[in-house]
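The residues making up each chain are set out below.
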Amino acid sequence: IRIMEQACTGDSSLQVRPLKTKYPQGAERMLIYAVTGRKINSSLLPADAGCVVDNAETAAAVYRAVALGKPVTERIVTVTGEAVARPSNFLAPVGMDHQELLEAAGGLAKPAEKIVSGGLMMGFALFDLHVPVTKTTSGLVCLSADEVSRHRPTACINCGRCVAQCPEHLVPARLARFAQHGDEKNFLKYYGMECCECGCCSYVCPARRPLAQEIKSMRKMVLANRKKRQEGDKK
Ligand code: SF4
Ligand code: SF4
């Protein structure tokens, strides 16, 4: 922050706004609210609040594209987790196989119980490492048996922790139930599309229910159905 403040000194159009370290502070809507106090919902774009939200890597990619005419051909990817021999950061070419990436980090030091693409809160499990790095790949986390909970999901005990932790003030337990039943009508009625997929509800659930995963799948289904309907309307 100090370095950024120094870099911005003398340019009145630039301002550094340090924010409280909390999760999910980096989610688009959270960030807009924290910086400007403006609120948007899932049907609006940041531009509707007069904002463009870019992380540092995107800002650098925009510079390379506009000033140097270079497309995105590389990504900074973190390979980590207790099962990895030499956890490291790599500048990986887009298209590189995840298996090669893992080998570059020394491979597995112990058997991996679960391998996640992306971060632990919002990433998704991989069942095959022969998938390419894309321009949205950010990390590869290899978890050993010790790190991965062996508990199976059990019935909801209505403790309300998922509700208390949801940054979008949703009722994740209920939304996950609608998602399980493919109940799009009630999922929408209870604002399922406002979920930012942060994963906090799954993280705190003592019954180990995969709430975020179920809500995320339902959101994808709703978006796919919307697209189908729009395409049908055009015909
Ligand atoms: S993932 Fe869970 S906690 Fe996060 S916004 Fe969605 S419902 Fe709320
Ligand atoms: S945190 Fe888990 S157990 Fe508690 S209300 Fe939510 S889904 Fe149910």
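Residues numbered from 1 in each chain as written. Chains lettered and ligands numbered in written order. Predicted model: local features only at pLDDT ≥ 70, side-chain atom pairs only at ≥ 80, totals over all residues. Heavy atoms only, no water.

- Looking up the protein in an unreviewed UniProt entry gives the name RnfABCDGE type electron transport complex subunit C, with the organism given as Candidatus Pullilachnospira stercoravium.

Here we look at the sheet that holds strand 4 (residues 124–126)
Then comes step 1: Pairing within the open sheet is mixed, and its 5 strands lie in the order 2-1-5-3-4. The sheet is open, and its two borders are formed by strand 2 (88–93) and strand 4, each paired with just one other strand. When the angles between neighbouring strand axes are averaged without regard to direction, this sheet yields 30°.
Then comes step 2: Here 5 bridges tie strand 3 (residues 112–117) to strand 5 (residues 139–144), and the two strands are oriented antiparallel to one another. Paired with Ala-112 across the bridge in strand 5 is Ser-144. (Pairing = 2+ DSSP bridges. Helix = DSSP H or I, 4+ residues; strand = E, 2+ residues; numbered from the N terminus. Axes fitted to C-alpha atoms, helices over the stretch in contact; angles between N-to-C directions.)

Concerning helix 3 (residues 56–68)
Then comes step 1: Spanning 13 residues, helix 3 covers 17 Å between terminal C-alpha atoms, matching the ideal 18 Å at 1.5 Å per step.
Then comes step 2: Capping of helix 3 at its N-terminal end is provided by Asn-55; its side-chain oxygen lies 3.2 Å from the backbone amide nitrogen of Glu-57.
Then comes step 3: Once helix 3 finishes, Gly-69 follows within two positions and takes phi at roughly 70°, a positive value. (Expected span 1.5 Å × (residues − 1). Polar contact = N/O pair within 3.5 Å; in protein donor to acceptor, adjacent residues only side chain to side chain.)

Focus: the nonpolar core
Then comes step 1: Among the nonpolar cores identified, the biggest contains 18 residues, and Leu-175, Phe-187, Leu-211 and Ile-215 are the most heavily contacted of them.
Then comes step 2: Of all the secondary structure elements, the ones that give two or more residues to this core are helix 6 (172–180) and helix 9 (211–234).
Then comes step 3: The element best represented in this core is helix 9, accounting for 5 residues.
Then comes step 4: Among all residues touching Leu-175, those that are not within four sequence positions of it are Leu-170, Phe-187, Tyr-190, Gly-192 and Ile-215.
Then comes step 5: Val-84, Leu-101, Leu-102 and Ile-115 belong to the second largest nonpolar core, which has 16 residues in total. (Core = buried A, V, L, I, M, F, W, Y, C linked by side-chain atoms within 4.5 Å. Buried < 20%, exposed > 50% of the residue type's maximum accessible area, 1.4 Å probe, protein only. Contact = heavy atoms within 4.5 Å.)

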